[in-house]
Structures are given as C-alpha cells and as structure tokens.
Amino acid sequence: MIFVGFGFLMTFLQRYGFGAVGFNFLLAAFGIQWALLMQGWFHSFENGKILIGVENLINADFCVGSVCIAFGAILGKTSPVQLLILTLFQVTLFAVNEYILVSLLHVKDAGGSMTIHTFGAYFGLTVTRILYRPNLEQSKDKQGSVYHSDLFAMIGTLYLWMYWPSFNSAVSNHGDAQHRAAINTYCSLASCVLTTVAFSSLLQKKGKLDMVHIQNATLAGGVAVGTSAEMMLTPYGSLIVGFLCGILSTVGFVYLMPFLESKLHIQDTCGIHNLHAMPGLIGGIVGAVTAAAATEEVYGKEGLISAFDFTGDYKERTPSVQGGFQAAGIFVSLAMALAGGAIVGAILKLPFLGDPADENCFEDDVYWEVPEDEESGLYHMHDPTLKPATS
C-alpha cells in the first residue's frame, strides 16, 4: 500500500509521474528507518536497546503512511530536500502523537483514523497553506491529467482498496477483533464505491463520471472505519459509514476543494482533505460513539475487557469514559497536526532548500532525467500552444 498504492495514486499529474512514484519511494524508505527508531524509543526500548519485530515494521509503515498523505498536499511543489526534512519532522511528531493517544490516553485506533489520517492530512494541509504560492496559476495547465496518467493512478486506487482491510486489521488482536476489522472495512469500502459512483454522476453537469472521484472518494470508507474497525460496528453500521463518506468525499472534491484554494489559500494537489482529513474526523467520531455504546451484552464480559484492554491501570474504566478519551484523541491529533505543520512549513520556506519556481512546478524534468522522446512528444502532446508541423 505504501510504495505501490500511494505512489501510483499520485501519478495522475500528466508531467509528474517520476516525481510521484520516485519521491514517494524515497520518503517512505527514509521514513521507515526513522520511524523504527522513534517508535522504538517510545514503545520497545529495553535495557538500552530497541527491540524490533514484525509488528514494529508494520507500525513504521503506518507512520510513513501519514507522511505519504501529507506528501499528497504538496505534490509537485517541493524539492527532494524539502521532502526529506518534512519526513524527518513529521515522523517525529507522529511518534509523539501516537504515544500520547495510545499510551497515555489509552485510545483504540487500529486503522489509524486519528493517528494516521487526521494527523497526516491536517499536517499536510497546514504545510501547504504556509507554502502558499500566489502565482501557481502559471503551472495550472500542468496540474491536470491525461488519459494514461489517470489509468496509472487507478492502479494505485485498486491496490489501496484491495489491501485496506488488511491495513486496518494488521495490528488488531488475533481472532474476533481482527476478523471484525477486516469485515467492517470491506463492507464500508464496498458501500463507498457505489455511493461515489452515484454522486459523481449526479454532481456532473452531463451525468458522466469523474475519474478523480473514482480514484479517491472510493477509498474514504476505509479511512472512516479505521478507529472503529475492530469494535462491534456491525456490517450494517459499516455500510452506513461508507455510504456517508462516499457522499462527503465526492461533494468535497466538487465544491469544497475549489473553496479552500480560492478563499483559504490551501493548494491541495491531491485533495487529501476530501480523502483523509474529513473521513479521518468521521472515523474518530464513529470510534468514540461506538466505544461509548459498548456493553457487556454485545461483547460479553471477557470480550469487552479484551476489545478495549480494560486491564491493569485501566481495569476500572467504563465504555462511556473510553468514548470520552476517544473523542479527546481527535483534538490532540488535530492540535499536533496544526501546530507541527505550521512550524515545519515555516522551516520548509527557507530559501536555500531548492524548491522549484512557480512555472516549474509539477514538472519531472526539474529533478529527473526525462527521456527525450517523452519531453518532445508525450509530455507536450496536450499542449494547446503547440501547432502541428507543416510540410
């Protein structure tokens, strides 16, 4: 999901395919190494050593997922050096936020609606707001897609869609919790696809489908059940969540995204606000409500204790109190994302970090060796200023 899913999902830009896949590869490989250290210091540091197992690798991947989400907001507008600095700071802040939520507040967030999606998305949106480019209109023609770039992006969508149930259930307890996480995620994703297709057609003037919606909004259901996936959300509850997120995400692409850019100066290249930010908030809210509504009649006495880990220091905690802490986790993630994004965005504005000029944004050949036939042919096949050669 991290390397293929997120990487190819961002190849929709007609002249930035190398940068989307290549830089995603770079920051993910770097981020995993730093995440193993940061999360290790917080969660598995014993006798002067960091213990590493398969679960640590999975959690490091989760951490890098939040970086890939933030990358989507600034895609095509930053240099490799800026991306590495972003990764360094974001992984650090992610580890701190995760420690506060999971270890101090004892929040359940198996699929990362709060720790991964809400934090990553609002962090990225804050950074792109700080890095606002008033003259980005000079590169407006390069921000669109072409037929083949949208097709490549759809590969990323399908990878993410297929593996999202395993993503949400990867660190859940083996048995009932893991089964529930996979089933709930799958139901929510399936419902979200149908709703997205319906509303994409409904909101377009000619009733046609918009590939941007199909690539992105169809995944919102997986984001929104991240927190509650291993809880007793039930299949019909998952279907409802997916239904609502399909509507919200599609409407966000049609109406909210232009508003954010024109009024709030948030230049969100990939639309992460619609795919990760809003569904992430919904996921946190659904998780808080589902936790607060938990009863022994539904889970069983042992099942309730196991589902929310009501043991040790938390053995006296009740579901309603747990719901309150789940809600608090949303605000902590938002605060960390907004404050951290503002600071990191200010750092990335330093003039010596090699960011591209406005007219060179969304162009591969600024940082990559692009084959000559691509530069002269494929990359400019849709350039309206070019005229056919005359004999």
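All of these numbers come straight from a predicted model, not from anything done at the bench.

1. A word on the nonpolar core
Okay, step 1: Ranked by internal contacts, the top residues of the largest apolar core, which has 77 residues, are Phe71, Leu75, Phe123 and Trp164.
Okay, step 2: With sequence-adjacent residues up to four places away left out, Leu75 is seen in contact with Met10, Phe12, Leu13, Tyr16, Ala20, Thr269, Cys270 and Phe362.

2. A few points about the packing of aromatic side chains
The description of two aromatic rings rests on the distance between their centres and on the angle between their planes.
Okay, step 1: The full count for this structure, using the stated rule, is 16 aromatic pairs.
Okay, step 2: Their ring planes at 35° and their centres at 5.7 Å tell us that Phe119 and Phe123 sit as a pair that is tilted. Separated by four residues within a single helix, Phe119 and Phe123 lie in helix H5 (residues 113-130), roughly one turn from each other. There is no split in this pair, since Phe119 and Phe123 are both buried.
Okay, step 3: Among the aromatic residues, those joined into a ring-pair cluster are Tyr16, Phe18, Phe23, Tyr367 and Trp368.
Okay, step 4: A cation sits over an aromatic face here: Arg129 above Tyr132, 5.8 Å from the ring centre.
Okay, step 5: The ring of Phe325 carries Arg317 above its face, with NZ or CZ at 3.9 Å from the centroid.

3. Considerations on unusual backbone geometry
Trans is the prevailing form of peptide bonds, just as negative phi is the prevailing case for residues other than glycine.
Okay, step 1: Of note in this structure, His106 is not a glycine but carries a positive phi near 60°.
Okay, step 2: By the element assignment, His106 lies in the loop between helix H4 (80-104) and H5.
Okay, step 3: Positioned with a positive phi, Phe362 is a non-glycine residue whose angle comes to about 65°.
Okay, step 4: Here Phe362 lies in the loop between helix H14 (319-348) and helix H15 (372-376).
Okay, step 5: Judged by relative accessible area, Phe362 falls into the buried class, the value being 1%.

4. Looking at a nonpolar patch on the surface
Okay, step 1: Side chains of Phe3, Val4, Phe25, Phe152, Ile155, Leu158, Tyr159, Met162 and Tyr163 sit close together on the surface and give an oily, nonpolar patch of about 820 Å² of accessible area.
Okay, step 2: Among the elements that line the nonpolar patch, the one with the most residues is helix H6 (residues 147-169), at six residues.
Okay, step 3: With respect to the helices and strands, the residue Met162 is situated in helix H6.

5. Brief notes about the confidence of the model for the protein chain
As a general rule, the predicted coordinates of low-pLDDT regions are not to be interpreted in detail.
Okay, step 1: With 95% of its residues at a pLDDT of 70 or more, the protein chain has an overall mean of 92.
Okay, step 2: Taken together, the stretch residues 384-391 has pLDDT below 50 and engages in one contact with residues farther than four places along the chain or on a different chain.

6. Focus: the side chain of Thr128
Okay, step 1: Within the secondary structure, Thr128 sits in helix H5.
Okay, step 2: Thr128 sits in the buried class, given a relative accessible area of 1%.
Okay, step 3: Apart from the residues within four sequence positions on either side, Thr128 is in contact with Ala73, Ile74, Lys77, Ile266 and Gln267.

7. Notes on the packing of helix H2 (residues 17-43) against helix H3 (residues 54-73)
Okay, step 1: Remark: H2 packs on H3, axes separated minimally by 8 Å, with the N-to-C direction vectors making an angle of 135°. Here H3 runs oblique to H2, going by the angle between their axes. The two elements H2 and H3 meet at a crossing, and its hand is right-handed. Taking contact as the criterion, the partners of Gly19, Ala20, Phe23, Asn24, Leu27, Ala28, Gly31, Ile32, Ala35, Leu36 and Gln39 in H2 are, on H3, Asn56, Leu57, Asn59, Ala60, Asp61, Cys63, Val64, Val67, Cys68 and Phe71.

8. A short note on the pattern of salt bridges
Okay, step 1: Using the criterion set out here, one finds four salt bridges in the structure.
Okay, step 2: Between Glu363 and Arg15 there is a salt bridge, with its nearest N and O atoms 2.9 Å apart. Here the residue Glu363 occupies a position in the loop between H14 and H15, and Arg15 occupies one in the loop between helix H1 (5-9) and H2, the gap between them amounting to 348 residues.
Okay, step 3: For Glu363, a relative accessible area of 8% puts it in the buried group.

9. Overview of the state of the cysteines
Formally, a disulfide is one covalent bond, and it connects the sulfur atom of one cysteine to the sulfur atom of another.
Okay, step 1: Applying the stated criterion to the full structure yields zero disulfides.
Okay, step 2: Cysteine Cys63 shares no disulfide, and the gap to the nearest cysteine sulfur, in Cys68, comes to 10.0 Å.
Okay, step 3: On the basis of relative accessible area, Cys63 is assigned to the buried category, the value being 0%.
Okay, step 4: Free cysteine Cys361: the closest other cysteine sulfur is in Cys270, separated by 14 Å.

Calculation criteria
- The residue numbering used here restarts from 1 in each chain and proceeds along that chain's sequence as written.
- Reporting of local features is limited, given that this is a predicted model, to residues whose pLDDT is at least 70; pairs of side-chain atoms are given and counted only at 80 or more, and all residues count toward the totals for whole chains, interfaces and linings.
- Excluding hydrogens and water, the side-chain values take into account all heavy atoms of the structure.
- Here the nonpolar core consists of buried residues drawn from Ala, Val, Leu, Ile, Met, Phe, Trp, Tyr and Cys, with membership extended through side-chain atoms lying within 4.5 Å.
- Partly exposed describes any residue whose relative accessible area lies between the buried limit of under 20% and the exposed limit of over 50%, with all areas from a 1.4 Å probe on protein chains only and scaled to the type maximum.
- Contacts: residue pairs with any heavy atoms within 4.5 Å of one another.
- When the centres of two rings from Phe, Tyr and Trp lie within 6.5 Å, Trp using its six-membered ring, the rings pair. Their planes under 30 degrees apart give stacked, over 60 give edge-to-face, and anything left gives tilted.
- Secondary structure elements follow DSSP: runs of H or I no shorter than four residues count as helices, runs of E no shorter than two count as strands, and numbering proceeds from the N terminus.
- Ring-over charges, as used throughout, are those where CZ of Arg or NZ of Lys falls within 6 Å of the ring centre and within 35 degrees of the ring normal.
- Exposure above 30% relative accessible area and no salt bridge define the residues that can form patches, which grow by joining like charges within 9 Å and nonpolar side chains of Val, Leu, Ile, Met, Phe, Trp and Tyr within 5 Å.
- Computed with a 1.4 Å probe, the accessible areas rest on the Shrake-Rupley method; for each residue, only the protein chains presented here act as cover.
- Counted as salt bridges are all cases of a side-chain nitrogen of Lys or Arg within 4 Å of a carboxyl oxygen of Asp or Glu.
- Looking at any residue, its pLDDT shows the predictor's confidence there, from 0 to 100.
- Comment: axis = line fitted to C-alpha atoms, over the contacting stretch for helices; angle = value between 0 and 180 degrees taken between N-to-C directions.
- Any angle that is under 35 degrees is reported as roughly parallel, and any over 145 degrees as roughly antiparallel; angles of 65 to 115 degrees are reported as roughly perpendicular and all others as oblique.
- Should the near helix be turned anticlockwise from the far one by less than a right angle, the crossing is left-handed, and should it be turned clockwise, the crossing is right-handed.
- Two cysteine sulfur atoms make up a disulfide if the distance between them is within 2.5 Å.

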